[in-house]
Amino acid sequence: MGFRSFLSKPFAAYVVKKQKEWANNPSLAQENVFNSLIQGANHTAFGKDHNFGDIKNYEDFKKQVPICDYEDLRPYINRIIEGENDVLWKGKPEYFAKTSGTTSGAKYIPLTKDSIPNHINSARNAMLNYIHETGNADFLDRKLIFLSGSPVLGKSGDILSGRLSGIVNHHVPGYLRTNQMPSYNTNCIEDWEIKLEHIIDETIAQDMSLISGIPPWVQMYFDRIIERTGKSISEVFPNFDMFIYGGVNFEPYRKKLFDSIGKTIPSIETYPASEGFFAFQDTQTEEGLLMQLDSGIFFEFIPTDEYFNDNPTRLRIDEVEIGKNYALIINSNAGLWGYSIGDTVKFVSKDPYRVIVSGRIKHFISAFGEHVIGEEVEKAMKHALEVHSEVKITEFSVAPQVNPTDGLPYHEWLISFENEPNNIEKFSLTLDHKLRELNTYYDDLITGSICRTLVITPLQREAFQHYMKSIGKLGGQNKVPRLANDRKIADAIVEWKK
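The rules behind each value
Residues numbered from 1 in each chain as written. Predicted model: local features only at pLDDT ≥ 70, side-chain atom pairs only at ≥ 80, totals over all residues. Heavy atoms only, no water. Buried < 20%, exposed > 50% of the residue type's maximum accessible area, 1.4 Å probe, protein only. Helix = DSSP H or I, 4+ residues; strand = E, 2+ residues; numbered from the N terminus. Pairing = 2+ DSSP bridges. Salt bridge = Lys/Arg side-chain N within 4 Å of Asp/Glu carboxyl O. Core = buried A, V, L, I, M, F, W, Y, C linked by side-chain atoms within 4.5 Å. Phe/Tyr/Trp six-rings, centres within 6.5 Å; stacked < 30°, edge-to-face > 60°.

> Tell me what's going on with the pairing of strand β13 (residues 325-332), and back it up with residues and numbers.
With 8 of its 8 residues buried, β13 lies for the most part within the structure. Where β13 lies against strand β14 (residues 339-350), 5 bridges are found, and the strand directions are antiparallel. Its bridge partner lying in β14, Ile-329 is registered against Ser-340. Hairpin connection from β13 to β14: 6 residues lie between these consecutive antiparallel strands, with Gly-335 at a positive phi of about 95°.

Quick look at the structure:
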């Protein structure tokens with residue numbers, strides 16, 4: 001046992017003990033966060049504009065602070081970039097996490113001295129919870145790889161800016177830096193495909209034990225190693241026994257990824273975003289991710305069926321229900337207020353509060369009133385892959401076809417297969433039947449002959465990689481939208497049809 005694994009166990013016990021204190025008192029934890037946020041931003045420009053001095057409780061807050069998106073906060077962000085202090089949070093941000101929005105162009109999400117520990121400590125605590133529960137800490141003594149964006153930072157005004165994963169790279173604890181891979185120079189390479197080859201050059205002969213990243217890009221890393229060596233990942237890395245992931249639902253990737261490894265290994269799911277680190281998997285035995293209720297973020301939840309209303313219901317943590325979809329709203333010590341991050345979550349436990357990420361509030365198909373969401377198409381795909389065990393996929397996306405050249409409208413499933421179905425019609429019907437079971441509105445469209453059953457369009461194996469490269473979003477933290485209510489992505493990616 002190395003010194004890292006040895007020291008991690010008492011530290012993990014301490015962290016989990018402190019975690020249980022707030023997890024057992026969730027309402028109090030969130031109330032304390034709420035009060036500290038109002039006090040911390042009382043004298044900011046945003047606080048003055050929204051009468052924070054008069055806010056005594058959450059009901060007051062809802063009256064003063066509307067739900068917003070990035071465009072609503074952009075004027076305040078611009079003031080920060082221009083050099084103004086005390087705008088959204090006291091002082092100035094330490095960084096801007098730069099992201100590319102679909103409608104807003106580049107977004108600059110503030111990271112403050114007070115908010116950075118949320119990102120760093122949550123990632124650390126995800127591993128410590130696993131160590132405390134299982135007693136397995138040996139992976140800390142070998143090589144660890146974090147597939148992330150470049151740590152090279154630019155400036156927006158006088159504030160450092162870059163990708164979140166690159167910023168976080170600068171804050172990796174010192175005790176992990178000596179066995180962290182890839183090297184700094186390799187991590188700085190912007191072109192993902194060139195960077196990937198360098199990562200493989202550096203890691204292929206190392207004793208890798210932990211790999212972390214977004215599943216499709218980790219799969220690409222695995223595929224290239226297998227192409228080079230002709231061996232499974234567990235043969236190349238015999239001590240690889242921990243996979244940490246986030247950003248997308250893992251289920252569509254699980255089978256192919258573990259087949260590439262050559263065995264099933266433990267994994268930890270996380271829920272990070274530029275706006276905050278919201279939840280992580282705290283146990284290997286229960287479903288869902290533990291909400292971080294004591295980490296500088298006050299959460300609100302809007303029932304998804306009310307999200308587009310003029311005055312939707314806004315709920316605190318103690319008002320949510322299990323099994324209901326909510327749009328996630330955050331207020332944080334990064335200076336985000338009433339901020340809709342665009343994700344939907346569903347609670348699977350209230351003791352403690354655990355969620356699954358069920359989709360994106362604007363990523364749905366409702367061309368005919370069906371309102372199919374990401375969670376439903378991913379469950380349908382998981383079911384179909386279980387029924388048709390010979391099938392492996394690399395990626396998929398779904399879009400409506402409202403005006404087909406022949407026949408009734410339909411949902412088009414664009415799928416890159418690793419192994420195609422023995423009978424694609426049966427596979428298609430399995431998908432369709434499961435989706436009809438999950439969404440009664442969709443079922444009504446089929447039974448009422450308004451739409452026909454879904455249509456699968458097989459794509460080249462690397463179609464989605466080609467598409468993401470064509471729009472400048474290959475690798476890093478970028479994700480393919482699972483579904484859309486229009487044909488923009490579908491019509492672009494069909495270029496790589498088989």
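We are not done yet, so read on.
> Which residues make up the pattern of salt bridges, and what are the values?
Under the counting rule described, the total for this entry stands at 34 salt bridges. Residues Glu-21 and Lys-18 are paired through a salt bridge, measuring 3.5 Å at the closest nitrogen-oxygen approach. Highlighted residues: Glu-21 and Lys-18, both in helix α1 (residues 3-23), separated by 3 residues, approximately one helical turn. Among the ionic pairs, Asp-491 bridges to Arg-487, the shortest N-O distance being 3.1 Å. Three or more residues are tied together by salt bridges with common partners; here these are Glu-193, Glu-197, Asp-201, Arg-224, Arg-228 and Lys-469.

> Describe the nonpolar core, naming the residues involved and giving the relevant values.
Where a protein is soluble and globular, its nonpolar side chains tend to be buried together. Core analysis: the largest hydrophobic core is formed by 61 residues, its most contacted members being Met-291, Phe-301 and Trp-337. By size, the runner-up hydrophobic cluster in this structure holds 42 residues, among which are Ile-200, Tyr-221, Val-236 and Phe-237.

> Break down the packing of aromatic side chains for me, with residues and values.
By the definition in use, this model includes 30 aromatic pairs. Taking the centre distance of 6.0 Å and the plane angle of 85° together, the rings of Phe-46 and Phe-52 count as edge-to-face. A relative accessible area of 1% means that Phe-52 is categorised as buried. Summarising the aromatic geometry, the rings of Phe-301 and Tyr-326 are spaced 6.2 Å apart at their centres and angled 70° between planes, so their arrangement reads as edge-to-face. Pair noted here: Phe-301 is in strand β12 (residues 297-303) and Tyr-326 is in strand β13, with a separation of 25 residues, a long-range link. Phe-301 gets classed as buried once you look at its relative accessible area, which sits at 0%.

> A description of the pairing of strand β8 (residues 242-246) should follow, citing residues and the corresponding values.
The side chains of a regular strand alternate, first on one face of the sheet and then on the other. The element β8 is extensively covered by neighbouring structure, given that 5 of its 5 residues are classed as buried. Judged by which residues are buried, β8 turns out to be covered on both faces: Met-242, Ile-244 and Gly-246 on one side and Phe-243 and Tyr-245 on the other are all buried. Pairing between strand β7 (residues 208-212) and β8: 3 bridges, direction parallel. Following the sheet pairing, Leu-210 is matched in β8 by Met-242.

> I'd like to hear about unusual backbone geometry, residue by residue, with values.
A cis amide bond, omega 0°, links Met-181 with the succeeding residue Pro-182. Note that Pro-182 resides in the loop between β6 (180-181) and α9 (184-187). Here Asp-351 and Pro-352 are connected by a cis peptide whose omega angle stands at 0°. Relative to the assigned elements, Pro-352 resides in the loop between β14 and β15 (353-360). Unlike most non-glycine residues, His-371 shows phi in positive territory, near 45°. When you line up the elements, His-371 lands in the loop between β16 (364-365) and β17 (372-373). Residue classification places His-371 among the partly exposed positions, given a relative accessible area of 37%.

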